[in-house]
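Here is what each chain is made of, one letter per residue.
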Amino acid sequence: MVLKLYNTLSGEKEVFSPLNDSIVGIYSCGPTVYDVAHIGNLRAYVFADVLRRYLELKGYKVKQVMNITDLDDKTIRASKEQGVSLREYTDRYIRFFFNDIDLLRIRRADVYPRVTEHIKEMVSMVKTLLDKGYAYRKDGSVYYKIQAFRDYGNLAKIDLSKIKAGITVEADEYEKEDVRDFALWKEKKEGEPFWETEIGEGRPGWHIECSAISTKYLGPTVDIHTGGVDNIFPHHQNEIAQSEAATGKRFVRYWMHCEHLLVNNKKMSKSLGNIITLESIVSSGFRADALRYLFVSSHYRSKLNFTWESIRHAENTLDRLNNFIERLPGYESDALDSEEIARLIRSTQERFEIEMDNDLNTPGAFAAVFEMIGRVNTGLDEAKLSTQDARAVHELMMRLDKVLDILSPGKKEGLSEEIEALIEERERARRMKDFKKADEIRKRLEEKGIVLEDTRTGVRWMSKFIK
RNA sequence: GCCAAGGUGGCGGAGCGGCUACGCAAUCGCCUGCAGAGCGAUUCCAUUCCGGUUCGAAUCCGGACCUUGGCUCCA
């Protein structure tokens with residue numbers, strides 16, 4: 001089966017084949033650590049995570065790099081306002097960032113290079129651009145001359161002649177030859193951090209960081225570059241201009257962009273005051289995995305409208321999924337292995353892959369999973385599955401969850417003897433039809449955080465905190 | 001204004017020329033000592049509108065209307 005991915009550059013789904021058979025390079029635009037991430041930022045990271053996990057399921061080895069922007073106007077301004085060093089300030093938000101992605105079960109990238117630790121690489125690229133005539137100096141700053149790069153605008157599909165100076169582009173405090181040119185290097189300013197380098201004293205512009213870091217860790221050509229749609233212009237467009245001018249090679253083979261997350265049908269923005277963070281969701285009593293489920297269950301190229309109702313629904317669905325996998329391991333039956341179940345497992349797995357191969361169509365993949373769940377549940381209710389069938393279904397769910405990572409199977413170990421004894425006692429009481437006593441024990445267990453469920457094949461328990 | 005994506009049932013959200021997507025919610029029923037979970041049924045022709053192509057269109061073509069976003073160092 002062939003994986004097809006939508007490439008922003010061509011505007012089409014393309015068959016994915018990596019540059020190098022043994023390893024796929026992914027560069028993901030990471031956070032600017034001037035504030036906590038909002039859930040729109042996080043959506044883009046979950047998307048990159050699912051992409052990476054799916055490539056791994058397909059048997060690829062992946063090397064993923066995510067930059068951390070710890071040097072820009074906003075981090076500088078904010079750290080100054082708080083009277084702490086830039087390092088101290090950004091360290092704090094980097095910790096928040098890792099906390100968020102851990103809660104969302106986003107697997108760690110292989111490296112998280114910080115901008116402040118890669119000034120040398122950026123300077124070297126700026127120098128190359130100067131030498132090759134793609135950049136010019138103006139006072140102490142260096143600008144990229146976009147007229148010199150023939151394909152400028154190809155990614156964003158922007159026609160430069162339509163951008164009029166002074167109307168759509170704000171006049172900058174820096175002097176440029178052409179208002180559309182962008183800064184590669186900014187001259188040292190009073191009170192701002194700066195580096196002494198061979199191209200002068202100052203700090204790098206925003207766009208050069210990704211070009212330089214990507215090249216350093218993944219070489220001149222990377223297979224996949226991910227980010228949010230807002231990065232398309234100008235950021236990614238500028239990256240292409242910088243990298244391709246500097247190396248003379250194609251920079252990115254597949255550009256993948258995650259769509260916006262809307263809140264009540266509006267883009268999140270500080271001015272609208274509708275910023276939602278993971279912290280606010282968790283403190284409202286929702287589980288972080290519900291947000292992951294919400295993201296994963298919608299397609300990354302569709303706008304996703306976040307509402308509090310949608311997160312509640314996501315949590316309900318997640319409960320259903322968890323209930324399903326919970327009932328499988330303890331299931332036992334004398335029934336013979338069913339050929340029908342074996343077929344169902346094969347077709348579900350196949351359909352999952354067909355959907356995912358189609359530009360990561362996660363909603364379609366979920367449909368396949370839910371259809372299987374419905375049928376297996378019926379079989380379990382009627383005890384038509386063999387013990388082995390149930391194990392096999394469980395195995396499949398776990399395998400698919402390596403990509404989705406939304407399930408929370410309850411911990412099977414860790415039941416104290418006291419609790420086991422209580423469960424046992426209640427079972428005895430039930431058999432004796434002493435329901436008053438049984439209910440009493442059930443209530444006591446619930447106070448201890450253990451929820452019981454009586455099923456056809458015996459009692460089942462789960463932790464209240466997981467549920 | 002220019003560019004891009006999109007308009008599908010109560011809500012979310014697939015489908016890329018023919019077959020009930022799927023999920024959530026609601027109602028009823030089955031099961032159950034109870035609860036929970038699960039199962040089944042139902043929620044009238046769900047596909048923005050108008051033309052066209054076709055034996056057949058949510059799906060292709062043309063047009064209209066609407067939404068969201070980009071064109072400002074926002075994922």
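All figures in this text were calculated on a predicted structure; none of them were measured in a lab.

A. Representation of the protein's contact with RNA strand B within the structure. Close to RNA strand B lie 66 residues; G40, W206, G228, H299 and N377 are nearest. The dominant element in the surface near RNA strand B, judged by the number of residues it contributes, is helix α11 (residues 362-381), at 10 residues. Here the residues of the surface near RNA strand B are counted per class, giving 20 nonpolar, 27 polar and 19 charged.

B. Spotlight on helix α3 (residues 86-103). The terminal C-alpha atoms of α3, which comprises 18 residues, lie 26 Å apart, in line with the 26 Å expected from a rise of 1.5 Å per residue. Where α3 is concerned, the buried positions are Y89, T90, Y93, F97, D100 and I101. The buried residues of α3 occupy one face: seen down the axis, they fall within an arc of 100 degrees. Turned more than 90 degrees off the buried face of α3, the exposed positions are E88, R95 and D102. The secondary structure elements touched by the buried residues of α3 are α1 (39-57), α2 (73-82) and α7 (278-283).

C. Spatial organisation of the pairing of strand β5 (residues 135-138). Sheet topology places β5 next to strand β6 (residues 141-144); four bridges connect them, and they run antiparallel. The partner of K138 across the bridge, within β6, is S141. Linking β5 back to β6 in an antiparallel pair, the connection comprises two residues, with D139 at a positive phi of about 50 degrees.

D. How the structure looks around the sheet that holds strand β9 (residues 200-204). Pairing in this open sheet of five strands is antiparallel, and the strands run β5-β6-β7-β9-β8 from one edge to the other. In the strand order of this sheet, the two ends are held by β5 and β8 (195-197), each with one partner. In this sheet, adjacent strand axes meet at a mean angle of 35 degrees when their direction is disregarded. Pairing analysis gives three bridges linking strand β7 (residues 182-187) to β9, with the strands arranged antiparallel. Bridge pairing links K186 to R203 in β9.

E. Geometry of the pairing of strand β4 (residues 62-66). Of all the five residues making up β4, four are buried; the element is thus mostly covered by neighbouring parts of the structure. Summarising the sheet, strand β3 (residues 24-28) and β4 pair through five bridges and their orientation is parallel. Bridge pairing in β4 places I26 opposite Q64. Once you follow β3 into α1 and on to β4, the crossover reads as right-handed.

F. Structural context of the sheet that holds strand β14 (residues 304-306). What the three strands build is an open sheet, ordered β13-β12-β14; its pairing is mixed. What marks the edges here is a single partner per strand, and that holds for β13 (266-267) and β14. Sheet topology places strand β12 (residues 261-263) next to β14; three bridges connect them, and they run parallel. Within the sheet, the bridge partner assigned to V263 lies in β14 and is F306.

Rules behind the numbers
- Residues numbered from 1 in each chain as written.
- Chains lettered and ligands numbered in written order.
- Predicted model: local features only at pLDDT ≥ 70, side-chain atom pairs only at ≥ 80, totals over all residues.
- Near = placed C-beta within 6 Å.
- Helix = DSSP H or I, 4+ residues; strand = E, 2+ residues; numbered from the N terminus.
- Nonpolar A, V, L, I, M, F, W, Y, C, P; charged D, E, K, R; others polar.
- Expected span 1.5 Å × (residues − 1).
- Buried ≥ 20, exposed ≤ 12 C-beta atoms within 10 Å, placed from the backbone.
- Arc of directions from axis to C-beta.
- Contact = placed C-beta atoms within 7 Å.
- Pairing = 2+ DSSP bridges.
- Axes fitted to C-alpha atoms, helices over the stretch in contact; angles between N-to-C directions.
- Right-handed = clockwise from strand over helix to strand, strands pointing away.

Everything listed here is a matter of geometry and, on its own, says nothing about what the molecule does.
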